[in-house]
Structures are given as C-alpha cells and as structure tokens.
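Remarks on the overall topology
Single-letter residue listing:
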Amino acid sequence: MTRNFSAWPVLLVLSLISLPLAIMYASVFVDSFTNTPPGAILPNEFTLAHWRFLVDPSIAGNIWVATLNTFIFALSMVVIVTTISAMGGYAVSRLNLPYRRFFLAGIMVMHAFPSVTLIIGVFLVLQFAGLYDTLAGVIMVKATLMLPFGIWIMKGFYDAVPWEIEMAGVQDGASRFTVWRRLILPQVKPGLIALGVFAFLDGWGEYLLPRILAPTSEFRVLSVYLQQISVTDSINYDFNLFKSVGLYYTLPVLIVFIVFQNRLMNIFGGGTKG
Amino acid sequence: MPIQLQDFTKRFDNTTVIERMNLEVHDGEMLALLGPSGCGKSTTLLAISGIHRVNGGQILFGEEDVSEQPSQKRNVGVVFQNYALYPHMTAYQNIAFPLEVRGMGREQIDKEVRAIAALVHIEQYLERRPGQLSGGQQQRVALARALVRKPGVLLLDEPLANLDAKLRLEMRSEIRRIQQETGITAILVTHDQVEAMSMCDRIAIMNEGQIIQIDTPTEMYRNPKTQFVAGFLGNPPIAFVNGRASGEAIRLDADEVTLPLPTGARRPKDGEPIVVGIRPEIFGVNGGSPIGGRVSFVETQGRENLYDVALPSGAVLRSIQPVRHDISVGDQVTWGVNPDALMVFSQDGTRL
Ligand SMILES: Nc1ncnc2c1ncn2[C@@H]1O[C@H](COP(=O)(O)OP(=O)(O)O)[C@@H](O)[C@H]1O
Ligand SMILES: [Mg+2]
C-alpha cells in the first residue's frame, strides 16, 4: 500500500488525545498493587492487600460466586442470543412470513428504544409472571432486549448469501431445514461468532437490569458487587480495593477481546465473501 | 424422460412473465431455450425444477403431472449460472451432498462420486474447495453434483456465461459429450445463439414470455418464421432493409434498387410495406441482383472480412467474404444478392 500522507502527525495527535486514557489505565493497574501515602502522587510500597477480596468474603461477599453468576449470565446471553438470532435472522431474511415487513420495522424500532424506558413495563410483566427477583427473569429480559440487534445483524449476513446456494440445496433433495443447517449456517458463521462475543461482553458488563430486577436475590453479578464496594459512605471505603475489583472485572473482557478481535471486526464489515 | 409444458403460466405479483406456454422436450434430447435477457428463460427453468410454483397449466415428466410436487421430489439436476457450489465443502463433499441427504451409505456414495468425477474429468481436484478451483473446474463440479443422483432431467441456466472465451469453447463440447454419454434429457438456457446452435438438438426461441419457433438449428437458421428469429440467429447478423412490394419485385425504399421476390414467398399486396432480410453470406461478388453502395466499415476476422455497405438511403448491408485487399473504407462497390436466399417479412414481422 502506498501512503499519500505521512503518518506521524496523525499518530502524534492520536497519542495526545488518548494520553489521559492511557494514564487512567496505568494508574488503575499500578494502584491496585501499591499503596500511596496521603497527599503523594507516586506510590511508595508494593502490596497485595487490595486483592484480599479474592479470599475474604467479609469485605463484600463471595467474589467467586459473583464471578460464577456473571459467567452464567453472560453465557446464557451467548446461547440465547446466537440461537434465536440465527433462526430469526434467517426467517426475516429468507422466509415468506406473513407480516414480514411489520416484523422488520418492529425490530428496528425495538432496537432504537433505550432499555431504561421499558423498565416499568418489564417490572410489571416479571412480577406477573413470578420471575421478579430471579436469575431466569433477568436473563430473559436482557436477552429480549439484545435480540433485535442480533436478529438484525444476522439478517444482514443471511442477505449476503446467494439464493442459488439455497436453490441448489433444495434441488439436491435436502429439506429447507437441512439446507439452513448444513449449507447456509456455515456461510454466516463469522457473523454468529462475532455476535456471540458481543453478547458475552454485553452480558458481562450488564449492571442496570440485575440491580433493578433482582435486587435482593442471592444472584449477584460482578457489576453489582463492584457497585457495593464503591458506596462511598460505607465504613471502610477503600479506593484501591475498588480499583482492584475493577481490574479483576475487566480482565475476562480483555481476554475475550484479544482472542476474538478479528472476528469482532466482522460484524462491522458485514457479510461473508461469496 | 420427456418433458411437457401445457399452458404453463407464471406471474410475479401482478406481472405475468409467461402466459400459456406450450413446450415439448423429447426423451434424451438437448433443447436450447434461447432468447434475449429478461424474456423469462430462467423463470421457465426454475418452474420446471420446482423452485417456482406454476400459476397455471401443467408440467409433465413423462406421463406424470409434477406441477404440484416440490423440488425435492422431482429428481431434476440443475446447474446454475454461478454454479452455486457450497463454498465450505470440498468438491467431493459437494458432489456427495445430494446422495447424503438421501441417506445413501458411505461406500456407495464414494463409489458414485468417483464414477461421476471420472465422467466429468475432475478426479484430481476432489479434495479442493470451490475457491481453489478455476471456472471450468467449478463448472465440472457443478455438473457432477447435478448428475450424481441420476436425475431424469438436467437443466442448465447459462452455464457458460461466466467462462472466458477459450474455456467456453472447451466446456461447450464437454457439456454436450456428457449429455450424450448419459443420454439425459437436457434443457439449456442461453442468450447466446452460437451456444444454442452448436450444442443442442433443437432450439426453442423465446421472446417476451412466448415461444416463437422450435426447430433444429439448421432449419431455424434457414427458415426463420419471423423477423425476430432471423435477427437473433446468425453472426454476423442479418441486415434488414425496408422496401415496398411492386408486382413480382421489391423496391427498396429511397433507392433505385429492385429485387425479385424470392420463390416460394407469399405474394404481398402491391405497394405493401415490407422488410427484406439479407444475410451477410448471400451478399457479395457472386450474387445475382446487383446492389450498389459505399463501404463504410471493414472488420477483419482473420480468415474472412466483414464489409458494411451503406446504401444511398442510409440502410446498411453486411457482406462476409474471404480476405481481400482491393477494397477499403470509402470505396464504391456494386455487389450481387442471391435472390432466392432473401427473406421477406411483412410489417408486423411475420415471414412471407
Ligand atoms: N422473483 C422474481 N420476482 C419478480 N419478478 C421476477 C422474478 N424473477 C424474474 N422476474 C421477472 O421476470 C422476467 C423474466 O426474468 P428471467 O426469467 O430471469 O429472464 P431471463 O432468464 O430470460 O433473462 C424479468 O422481467 C424479471 O424481472
Ligand atoms: Mg436468466
């Protein structure tokens, strides 16, 4: 590739702009392993004390249970969102559904709604269904809110698969379902993987819904745990502890992102190569 | 297996693409559906394959009415224009797929796949994916996949359109060879008259959803029923000149040229406007009735030259002759037309 402008001014500007961010990240990392005397800027001793939450449940409860809950929550998102989007996206892209246009428009509108505005309605429905304050209830609500996005993305991927492949499959004697599972699904795999990662990250970071819809339950996710130790008027408020938990909370996200970064870009590239 | 379309009608929403088409394909023959783009060839093909449902009429395979059968039951092999190979499977898996969904055993599948691969000459490419195959090889895989379960009918939708000129020539004879070796009834859809003439036993020429004429290639070239058919077949194409009937002769419009009416043509009324079709090979040095004009273009084709001759009225005739160097653009020439090979059409395009 030939460059038609030199790179360094761009790099310089980008570095300057992102410097505050970089300093923030660095300080989180450094502070979680050190102590800093009051008033000083630089830390003066190394300590693992801020990580004691890993073994000491008395601080804010058992972190491992919260981690497990968060994993269950995020993985449920992956399973539900990818499964339903894989099928729903195909349906709105390819099948001659009644009210297809209505569904498409509906999905668009649902996607545009901020979830907070729906919270009262959701609360009433959960209450009515007896799912309020349960893990299952929160999972269902979160998945429902993510589905319009997932279906829409998958529809885009399905739209890019040539009709002829489907016709050829039917002609070869396969049922429509076999055609979907064996011929079409493999073509949209990149989209499905990207969507799965996306669903995982979104589920992992969710705070509002578990907080509001399952306030008292045993089921507590990491975001809620983090919030509880950050309540500033609690007796033993420890800012560095808060940073350590934050770092711990971010770690899986970073790992997932590093592993899947190329796949994740796919969702914005849109579609597969023919 | 013989195929018969009876009053076949196809509509999309409210536009009728095909109206009451009748067509018969004999057992074991290869028939070309020839026509300009958008005339409904693919639609007809997809209806025969079962992907499109018919809106009226029947489709018969042999004695059996299959109009209401789904694609899966019809046992029709289709080769699509872009081959529609499954990109995530190897050539072998592509060809095996139709057998797998039928629940055939592994060993049997292997035997069948290798047999058909030998027929289409792709034994050495079986482990490659479509992306790693050339256009011609993909075409062969698509043929193998269509033929592997021994269908009663083979349908080919513009199978050569995506190949370069040399491969097209090769695949033309290959497809014909495979069709003849298997003895399968085949329909070839194409907009290329050369393909239709060189590959098929008979040609059905279509325009705007109608079949205009069905004949063998030679007969159709020699004896087109309408001006459209005459214009569609032949390369370089036939030239049309307007004229008027006057007794036993034709006067070309605005020229001092009269041509005798060809023998066997229906006599038009005196003064009736008509269209005269002159193929490039009947206009040249050894024809009968002379026509004079100015050479406006010379196209070298290697063995032959194609001369465009502009008449004073502005109409252009074409003449194809062995290469000669004594004629160049701008020369005034008087060449003869073989009057018996003229074609005369009435104003609405039907042959007189
Ligand atoms: N699925 C479809 N929906 C609506 N119109 C169609 C569809 N398929 C084909 N047509 C129309 O039918 C006509 C014939 O198309 P087609 O059979 O593909 O032509 P050909 O193969 O001869 O080029 C065209 O005018 C096309 O626009
Ligand atoms: Mg077509």
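Cut-offs and rules
- Per chain, residue numbering runs from 1 following the sequence as it is written.
- Here every chain gets a letter starting at A, and every ligand a number starting at 1, in the order they are written.
- Reporting in this predicted model follows two pLDDT cut-offs: at least 70 for local features of residues, and 80 or more for side-chain atom pairs to be given and counted; totals over whole chains, interfaces and linings ignore these cut-offs and use all residues.
- The basis for every side-chain value is the complete set of non-hydrogen atoms in the structure, without hydrogens or water.
- A run of H or I in DSSP counts as a helix once it spans at least four residues, and a run of E counts as a strand once it spans at least two, with each numbered from the N terminus.
- Only protein chains enter the accessibility calculation, which uses a 1.4 Å probe. A residue is then buried if its area is under 20% of the maximum for its type, exposed if over 50%, and partly exposed in between.
- Note on contacts: a residue pair qualifies if any of its non-hydrogen atoms lie within 4.5 Å across the two residues.
- For the accessible areas, the method is Shrake-Rupley and the probe is 1.4 Å, while residue cover comes only from the protein chains on display.
- When charges are tallied, Lys and Arg are placed among the positive residues and Asp and Glu among the negative ones, while His and the ends of the chain are skipped.
- A charge is said to be at NZ when it belongs to Lys, at CZ for Arg, at CG for Asp and at CD for Glu.
- Radius of gyration here is computed from C-alpha atoms only, and the compact-globule reference equals 2.2 Å multiplied by the residue count raised to the power 0.38.
- When DSSP finds at least two bridges between two strands, those strands are taken to pair.
- For helices, the fitted line uses only the C-alpha atoms of the stretch in contact; every axis is such a line through C-alpha atoms, and the angle between N-to-C directions lies from 0 to 180 degrees.
- What a helix should span is 1.5 Å times the count of its residues minus one.
- By definition, a residue's bend is the angle between the axes fitted to the seven residues ending there and the seven starting there.
- Salt bridge, as applied in this entry: a Lys or Arg side-chain nitrogen positioned within 4 Å of an Asp or Glu carboxyl oxygen.
- UniProt positions are given in the numbering used here, feature names are shortened, and annotations may be inferred rather than shown by experiment.
- We define a nonpolar core as any set of buried Ala, Val, Leu, Ile, Met, Phe, Trp, Tyr and Cys residues linked to one another through side-chain atoms lying within 4.5 Å.
- Any Phe, Tyr or Trp ring, taking Trp's six-membered ring, that has another such ring centre within 6.5 Å forms a pair; planes under 30 degrees apart are called stacked, those over 60 apart edge-to-face, and the others tilted.
- We define proximity as follows: a residue is near a molecule or strand when any one of its heavy atoms falls within 4 Å of that partner.
- Throughout this description, a polar contact denotes any pair of N or O atoms lying within 3.5 Å of each other; where both atoms belong to protein, one of them has to be capable of donating a hydrogen while the other can accept it, and for residues adjacent in sequence the pair is counted only when both atoms sit in side chains.
- Amino acid classes used here: Ala, Val, Leu, Ile, Met, Phe, Trp, Tyr, Cys and Pro are nonpolar; Asp, Glu, Lys and Arg are charged; the rest, including Gly, are polar.
- What gets called buried area is simply the loss in accessible area from a 1.4 Å probe that two parts show on being joined, summed for both.

Turning our eyes to something else, we now look at the overall build of chain B. For chain B, the helix and strand inventory stands at nine helices and 20 strands. Projected onto its principal axes, the C-alpha coordinates of chain B cover approximately 75 × 45 × 35 Å. Here chain B, with 352 residues, has 52% of them falling under the buried criterion. Sequence-distant contacts, at least 24 apart, represent 65% of the contacts inside chain B between residues at least 6 apart. Split by element, the accessible area of chain B, about 15,600 Å² in all, is 46% carbon and sulfur. One way to put it: in chain B the 36 positive side-chain charges average out to a point 4 Å from where the 42 negative ones average out.

All right, on to the overall build of chain A then. Regarding its fold elements, chain A presents eleven helices and two strands. Its helices and strands in sequence order give chain A the pattern α-β-β-α-α-α-α-α-α-α-α-α-α, from N to C terminus. For 274 residues, the compact-globule estimate of 2.2 N^0.38 gives 19 Å, and the C-alpha radius of gyration of chain A, at 23 Å, exceeds that figure by more than 25%. Its C-alpha atoms put chain A at 75 × 65 × 30 Å along the principal axes.

Let's shift gears to the pairing of strand 7 (residues 153-157) of chain B. Residues and elements named next belong to chain B. Counting buried positions along strand 7 yields five of five residues, so the element is predominantly enclosed. Side chains of strand 7 alternate between two faces, with Val-153, Leu-155 and Asp-157 and Leu-154 and Leu-156 buried alike. In terms of strand pairing, strand 6 (residues 76-79) meets strand 7 through four bridges, oriented parallel. Of the residues in strand 7, the one forming a bridge with Val-76 is Val-153. Bridge analysis of strand 7 against strand 8 (residues 185-190) gives five bridges, and the strand direction is parallel.

Residue and element names in this part refer to chain B. As summarised here, the arrangement of the six strands in space is 6-7-8-3-9-10, forming an open sheet in which the pairing is mixed. With one partner strand each, in any of the chains shown, strand 6 and strand 10 (210-215) form the two edges of the open sheet. Sheet twist, expressed as the mean angle between neighbouring strand axes with direction ignored, is 20°. Where helix 5 (residues 135-147) meets the sheet, its contacts fall on strand 6 and strand 7, and the angle it forms with strand 6 comes to roughly 170°.

Further remarks concern helix 1 (residues 8-31) of chain A. An α-helix turns once every 3.6 residues. As a result, residues three or four positions apart point the same way. Helix length check: helix 1 of chain A (24 residues) gives 32 Å between terminal C-alpha atoms against 34 Å at 1.5 Å per residue, within 8%. Approximately 45° is the largest bend angle found in helix 1 of chain A, and it occurs at Ser-18 of chain A, with the proline Pro-20 of chain A only one to four residues beyond.

Time to look at the pattern of salt bridges. A side chain with one charge can pair with a side chain of the opposite charge if their charged atoms come near. Residues and elements named next belong to chain B. Under the counting rule described, the total for this entry stands at 21 salt bridges over all chains. Residue Lys-150 pairs with Glu-112 through a salt bridge whose shortest N-O separation is 2.9 Å. Of this pair, Lys-150 sits in the loop between helix 5 and strand 7 while Glu-112 sits in helix 4 (residues 106-119), and the two are 38 residues apart along the sequence. By relative accessible area, which is 16% here, Glu-112 ends up buried. Taking the shortest distance from any N to any O, the salt bridge between Asp-326 and Arg-324 comes out at 2.9 Å. Through salt bridges with shared partners, a single network forms among Arg-140, Glu-170, Glu-174, Arg-177 and Glu-181.

Take the UniProt feature "domain: ABC transporter" (unreviewed entry) in chain B next. What UniProt calls "domain: ABC transporter" (unreviewed entry) maps, in this numbering, to residues 3-233 of chain B. Summarising residues 3-233 of chain B: 38% helix, 26% strand, and an end-to-end C-alpha distance of 25 Å.

We now examine the nonpolar core. Residues Phe-53, Tyr-158, Ile-184 and Val-245 of chain A together with Phe-61, Leu-155 and Ile-187 of chain B are the most contacted members of the largest nonpolar core, which totals 92 residues. Top contributing element to this core by residue count: helix 5 (residues 135-159) of chain A, with ten residues. Excluding residues within four positions of it along the chain, Phe-53 of chain A makes contact with Ile-59, Ile-63, Tyr-225, Leu-241, Ser-244, Val-245 and Tyr-248 of chain A. In terms of nonpolar packing, the next biggest core, distinct from the first, is built from 47 residues, Leu-133, Leu-147, Leu-160 and Leu-163 of chain B among them.

To continue, consider the UniProt feature "transmembrane region" (unreviewed entry) in chain A. All names here are of chain A. Residues annotated in UniProt with the feature "transmembrane region" (unreviewed entry) correspond here to residues 63-90, 102-129, 135-158 and 241-260. Helix makes up 100% of residues 135-158 and strand 0%. Its end C-alpha atoms lie 32 Å apart. Along residues 241-260 one finds 100% helix and 0% strand; the C-alpha atoms at either end are 29 Å apart.

Attention now goes to the packing of aromatic side chains. Residues and elements named next belong to chain A. Under the criterion given, the structure shown has 21 aromatic pairs over all chains. Seen in terms of ring centroids, Phe-29 and Phe-33 are 5.6 Å apart; in terms of plane orientation they differ by 65°. Their pairing is edge-to-face. Exposure remark for Phe-29: the relative accessible area of 48% places this residue in the partly exposed category. Classification of Phe-33 as partly exposed rests on a relative accessible area of 23%.

Quick look at the site of ligand 1 now. Residues and elements named next belong to chain B. In the neighbourhood of ligand 1, the contacting residues comprise Phe-12, Val-17, Pro-36, Ser-37, Gly-38, Cys-39, Gly-40, Lys-41, Ser-42 and Thr-43. Contact distances for ligand 1 include 2.5 Å between an oxygen atom and a side-chain N or O atom of Thr-43. Its free accessible area being 560 Å², ligand 1 has 56% of it covered by the protein chains. Here the shell around ligand 1 gets three residues from one element, more than from any other, and that element is helix 1 (residues 41-49). Taken together, the residues of the shell around ligand 1 sort by class into four nonpolar, five polar and one charged.

Once that is clear, we can look at the environment of Glu-123 of chain B. Residues and elements named next belong to chain B. Tracing the backbone shows Glu-123 in the loop between helix 4 and helix 5. A relative accessible area of 43% means that Glu-123 is categorised as partly exposed. Measuring from C-alpha to C-alpha, the distance between Glu-123 and Asn-55 comes to 42 Å, with 68 residues separating the pair along the chain. If sequence neighbours within four positions are ignored, Glu-123 has contacts with Ala-117 and Ala-118.

With that settled, consider the sheet that holds strand 11 (residues 239-246) of chain B. Residues and elements named next belong to chain B. Strands sit in the order 13-12-11-14-20 across an open sheet of five strands; the sheet is antiparallel. Whereas interior strands pair on both sides, the edge strands pair on one side only; in this sheet they are strand 13 (258-260) and strand 20 (343-346). Sheet twist, expressed as the average angle between the axes of neighbouring strands with direction ignored, equals 40°. With four bridges connecting them, strand 11 and strand 12 (residues 249-252) associate as antiparallel partners.

At the interface, 22 residues of chain B touch 18 residues of chain A. Regarding the contact of chain B and chain A, the summed buried area is about 1,700 Å², with carbon and sulfur atoms giving 61% of it. Summed over the shared surface of chain B and chain A, the result is two salt bridges. Its salt-bridge partner being Arg-182 of chain A, residue Glu-100 of chain B comes within 2.9 Å of it at the nearest N-O pair. The tally of links from chain B across to chain A stands at ten residue pairs in polar contact (both at pLDDT 80 or more). Listed by contribution, the elements that provide at least two residues to the side of chain B that touches chain A are helix 1, helix 2 (71-74), strand 6 and helix 3 (91-100) of chain B. No other element matches helix 3 of chain B, which puts three residues into the side of chain B that touches chain A.

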